[in-house]
Amino acid sequence: MLKVVKFGGTSLASATQFRKVGEIIRGDKNRRFVVASAPGKRFSSDIKVTDLLLSCYRLVREGESFEEPFGQICDRFREIIKELGIDFSLEKDFAAFHERIRKGASEAYIASRGEHFNSRILAAYLGYPFVESAEAILFDEKGRLLEEETNERLGAKLSQYSCAVLPGFYGATEFGDIRIFSRGGSDITGSLVARAVKADIYENWTDVSGLLMADPRIVENPRSMEVVTYRELRELSYMGASVLHEDAIFPVRREGIPINIRNTDEPDHIGTMIVERADKSVGIVTGIAGKKGFGAIYIEKSMMNNELGFGRRVLSVLEEKGISFEHFPSGIDTMTVVVDRAALFGHENELIHALQKAVQPDHIHLVEDLCLIAVVGRGMMGNPGTAARLFTGLAKENINIRMIDQGSSELNIIVALEEKDYEKAIRAIYEAFADQV
């Protein structure tokens, strides 16, 4: 068996955490390819190394001194090296990096150094070869990942090693210019490596013991999910569940490689396994997730359903204004378009005028301060009474539903509510399905 393991920022925030990681890797000879993040927070008021690096970039652009955050960055790595007691130094690299920042290095290059330095320390600590991600993970000049080219090059490079440590979060163009994924992108690097080496399992180690059925900041002690399908995770990630970067799903899913979410601080916990297919008899609902910050455009027009191209004209107006839609439920004479509220800000009157001109509605108005909550689960398919249980739970708490949207796959139900009811609604929905096992 071959395992690719990725460790997040909290898992590699200090020498103490490095030792835990070392025990996990040495405890299973199949954990041969390791992807590392930059050091995260050691305590709640701490600053992530990537945030310090971005501060350096900002200060240089503003013509100010970057010495303070730069010193903090170097001290973080020096402390890890010293406490691990390894014969390794980054002092020459720090000096060269300082000079590159001073001369105006790119934001992507500066942001990538947290993963770069941390991976080299981890490689030295484990006694593994260090493989530079910039030499194998390819982006085009616009910052788009070239996935097939990356898979070919990464596979060829890693075939030369029986084990290795790679930095997450970044790659480079054919000309060597560093490009980065969005924050949390080390998850994607791990997925790319797993695909390239044809791993049996991709273990993603973080600071929680797998995925939870609901946000623990809202619901007290929500139960964990032992098995989740890729489709369920995609739905939950889109709605804000953030244990795994949503784009990390695709490379491994193509190869049928399962993802195992594990906790570095609780290594004996089995965590959550993410797979292509799973037994339906695990309960009705797998997870509950939501996001705030939405608005809705309500459009009414008699005989709308008989008017050819009505929906297309509505969406064309949004496209012209650079606004993407999140959901698009409709009735015979009504249509609702849910959008990101930030996209509407300052353009409300302009948008309404354009829509009136395009479709001549009988009535149109905007509603702001909405949240969306998704109830996701493969157990919902063909299970009568799921929606009734959801709506009854909300009604008991006097929560008004502004919109309902259910996909044809029956994998999820999405409700739109007023933002003020968000936390109360999450708890109510969780309670409605708490006895589902």
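What you see is a predicted model; the values in this text were computed from it and never measured.

Student: Could you give an account of the packing of aromatic side chains, with specific residues and numbers?
Tutor: Under the criterion given, the structure shown has 10 aromatic pairs. Taking the centre distance of 5.8 Å and the plane angle of 70° together, the rings of phenylalanine 97 and phenylalanine 117 count as edge-to-face. Within this pair, whereas phenylalanine 97 is found in helix α4 (residues 91–102), its partner phenylalanine 117 is found in helix α5 (residues 107–126), the two being separated by 20 residues in sequence. Neither residue differs from the other here; phenylalanine 97 and phenylalanine 117 are each classed as buried. If you follow arginine 26 out to its NZ or CZ, it ends over the ring of tyrosine 125, 4.8 Å from the centre. Above the plane of the ring of tyrosine 109 lies arginine 100, whose end atom (NZ or CZ) is 3.8 Å from the centre.

Student: Let's hear about the side chain of glutamate 232: which residues, and what values?
Tutor: Relative to the helices and strands, glutamate 232 resides in helix α8 (residues 230–238). Here the side chain of glutamate 232 touches arginine 378 through a polar contact of 2.5 Å, side chain to side chain. Look past the residues within four positions of glutamate 232 in its chain and what remains in contact with it is Thr286, Val376, Gly377, Arg378 and Leu411.

Student: Can you break down the environment of leucine 126 residue by residue, with the values?
Tutor: Note on placement: leucine 126 falls in helix α5. The spacing of leucine 126 and glycine 22 is 104 residues in sequence and 6.7 Å in space, taken between C-alpha atoms. Sequence-distant contacts of leucine 126, defined by excluding residues within four places in its chain, comprise Gly22, Ile25, Arg26, Val34 and Val165.

Student: Kindly report on helix α14 (residues 422–433), identifying the contributing residues and their values.
Tutor: Helical geometry note: an α-helix holds 3.6 residues per turn, so side chains three or four residues apart project in the same direction. Taking 1.5 Å per residue, 12 residues should reach 16 Å; α14 reaches 17 Å between its end C-alpha atoms and fits that length. As for α14, its buried residues are in contact with β10 (287–300), β13 (363–376), α13 (386–396) and β15 (412–418).

Student: Give a description of the packing of helix α2 (residues 49–61) against α5 that names residues and reports values.
Tutor: At a closest axis distance of 8 Å, the pairing of α2 and α5 adopts a crossing angle of 155°. With respect to α5, the axis of α2 lies roughly antiparallel. In this structure, α2 crosses over α5, and the sense of that crossing is right-handed. Every residue of α5 that contacts α2 at Val49, Thr50, Leu53, Leu54 and Tyr57 is listed here: Glu107, Ile110, Ala111, Arg113, Gly114 and Glu115. The residue inventory of the contact of α2 with α5, partitioned by class, reads six nonpolar, two polar and three charged.

Rules of the game
Here, residues in each chain are numbered from 1, in the same order as that chain's written sequence. Where local features are concerned, this predicted model is filtered to residues with pLDDT of at least 70; where side-chain atom pairs are given and counted, the filter is 80 or more; whole-chain, interface and lining totals use all residues. The basis for every side-chain value is the complete set of non-hydrogen atoms in the structure, without hydrogens or water. Note on aromatic contacts: the rings of Phe and Tyr and the six-membered ring of Trp form a pair at centre separations within 6.5 Å, being stacked when their planes are under 30 degrees apart, edge-to-face when over 60 apart, and tilted otherwise. Helix numbering and strand numbering both begin at the N terminus, where a helix is a DSSP run of H or I of at least 4 residues and a strand a DSSP run of E of at least 2. Here's how the labels work: a residue is buried when its accessible area is under 20% of the maximum for its type, exposed when over 50%, partly exposed in between, all with a 1.4 Å probe on protein chains only. Lysine NZ or arginine CZ positioned within 6 Å of the ring centre and within 35 degrees of the ring normal marks a charge as sitting over the ring. Pairing of N or O atoms within 3.5 Å defines a polar contact, subject to two protein rules: one partner must be a possible hydrogen donor and the other a possible acceptor, and residues neighboring in sequence count only if both atoms are side-chain atoms. The criterion used for residue contact is that any of the two residues' heavy atoms lie within 4.5 Å. A helix is expected to span 1.5 Å for every residue after the first. A fitted line through C-alpha atoms serves as each axis, taken over the contacting stretch for helices, and the angle formed by two N-to-C directions is quoted from 0 to 180°. An angle below 35 degrees is treated as roughly parallel, one above 145 as roughly antiparallel, one from 65 to 115 as roughly perpendicular, and anything else as oblique. Should the near helix be turned anticlockwise from the far one by less than a right angle, the crossing is left-handed, and should it be turned clockwise, the crossing is right-handed. Any residue outside Ala, Val, Leu, Ile, Met, Phe, Trp, Tyr, Cys, Pro, Asp, Glu, Lys and Arg is labelled polar, Gly included; the first ten of those are nonpolar and the last four are charged.

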